[in-house]
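Structural characterization, general
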Amino acid sequence: MSLRDRNMDWLRKHVWVPAASFGKVISTDQIGISTGTPALLEIGATGYDGFKVDAAGEIASFVMLLPFDMDPGFSLKFRVHGTAEDAHTASDTVTFKGTYNNAKRAAAVVEAATVFDTDFAALTINDTAAILDISGWGVINADKWTRAEIEAGHLIAVGIELDATTLTIATENYCIIGVEYSYVVQLTRGDGSVRDVDAA
């Protein structure tokens, strides 16, 4: 017996991109850094690694394949997982800015520069060291790509910038552990409709 996709509520698919996948460390050089010098290092003695950002304006970036099973009629969403390496003042905040750019076949490969349609809200972080923080969602709206572009294997560069913070950032480092992204899977058969139960 088969179940056809008709008027069904689907969970979004979620994919995890750890900081170590943003780029590789070769000697003292990081590949995958757009701006500044965030270092990919262990966070304390936790066994977790992350990009330690020590100045507003620093950007860590990664390149991903547009998910082949993504329905371009729905938004593509991102959120940042991170932690403060050091104890700091309660109610400190960090604000990230998300940017992206397409890398299409036979077109130039360029740095992520287009700002998300809905950017990340300021995140109030835990005042104890090494406590996990998770940002709200940054959103790229629906219909930025066609089904044909996705099937052609186009790439997308994503930049995560420390846009602003109330931390004394030179001595109270903040670490980006990774980025989670979320999308709705393409309907492949059936005459019904898919509804995003977590629509942005």
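From a predicted model like this one, the values you see are computed outputs, not experimental measurements.

Digging into the overall build of the chain
The helix and strand inventory of the chain stands at 1 helix and 17 strands. Across the 200 residues that make up the chain, the buried fraction comes to 42%. Taking the intrachain contacts of the chain between residues at least 6 apart in sequence as the baseline, contacts between residues at least 24 apart amount to 78%. Total accessible area on the chain stands at roughly 10,000 Å², and carbon and sulfur atoms take up 53% of it.

A look at the packing of aromatic side chains
The geometry of an aromatic ring pair is captured by two quantities: the separation of the ring centres and the angle between the planes. Applying the stated criterion across every chain, the model contains 10 aromatic pairs. With a centroid separation of 5.9 Å and an interplanar angle of 40°, the aromatic rings of phenylalanine 78 and tyrosine 181 are classed as tilted. You can see phenylalanine 78 sitting in strand S9 (residues 76–84) and its partner tyrosine 181 sitting in strand S16 (residues 174–183), a full 103 residues away along the chain. Overall, the relative accessible area of 9% leaves tyrosine 181 in the buried class.

Describing the side chain of aspartate 71
If you trace the backbone, aspartate 71 turns up in the loop between strand S8 (59–65) and S9. Looking at aspartate 71, its side chain comes within polar contact range of the main-chain nitrogen of glycine 73, at 2.9 Å. Setting aside anything within four residues of it in sequence, one finds aspartate 71 in contact with Val184, Val185 and Gln186.

Describing the pattern of salt bridges
Taken as a whole and judged by the stated rule, the model has 7 salt bridges. Between lysine 104 and glutamate 149 there is a salt bridge, and its shortest N-O distance comes to 2.9 Å. Note that lysine 104 is positioned in the loop between strand S10 (93–103) and strand S11 (114–115) and glutamate 149 in helix H1 (residues 147–151), a separation of 45 residues in sequence. Residue classification places lysine 104 among the partly exposed residues on the basis of a relative accessible area of 32%. Judged by its relative accessible area of 17%, glutamate 149 is buried. Among the ionic pairs, arginine 147 bridges to glutamate 151, the shortest N-O distance being 3.2 Å. Highlighted residues: arginine 147 and glutamate 151, both in helix H1, separated by 4 residues, approximately one helical turn. The exposure class of glutamate 151 is partly exposed, given its relative accessible area of 49%.

Some points on the environment of asparagine 126
Locating asparagine 126 in the fold gives a position in the loop between strand S12 (123–124) and strand S13 (133–134). Each C-alpha atom of the pair asparagine 126 and alanine 90 lies 7.1 Å from the other, and the pair is 36 residues apart in sequence. Setting aside its immediate chain neighbours within four residues, asparagine 126 contacts His88, Ile131, Leu132 and Asp133. A polar side-chain atom of asparagine 126 sits 2.7 Å from a polar atom in the side chain of aspartate 133.

Quick notes on the rules
Residues numbered from 1 in each chain as written. Predicted model: local features only at pLDDT ≥ 70, side-chain atom pairs only at ≥ 80, totals over all residues. Heavy atoms only, no water. Helix = DSSP H or I, 4+ residues; strand = E, 2+ residues; numbered from the N terminus. Buried < 20%, exposed > 50% of the residue type's maximum accessible area, 1.4 Å probe, protein only. Contact = heavy atoms within 4.5 Å. Areas by Shrake-Rupley, 256 points an atom, 1.4 Å probe, with all protein chains shown as cover. Phe/Tyr/Trp six-rings, centres within 6.5 Å; stacked < 30°, edge-to-face > 60°. Polar contact = N/O pair within 3.5 Å; in protein donor to acceptor, adjacent residues only side chain to side chain. Salt bridge = Lys/Arg side-chain N within 4 Å of Asp/Glu carboxyl O.

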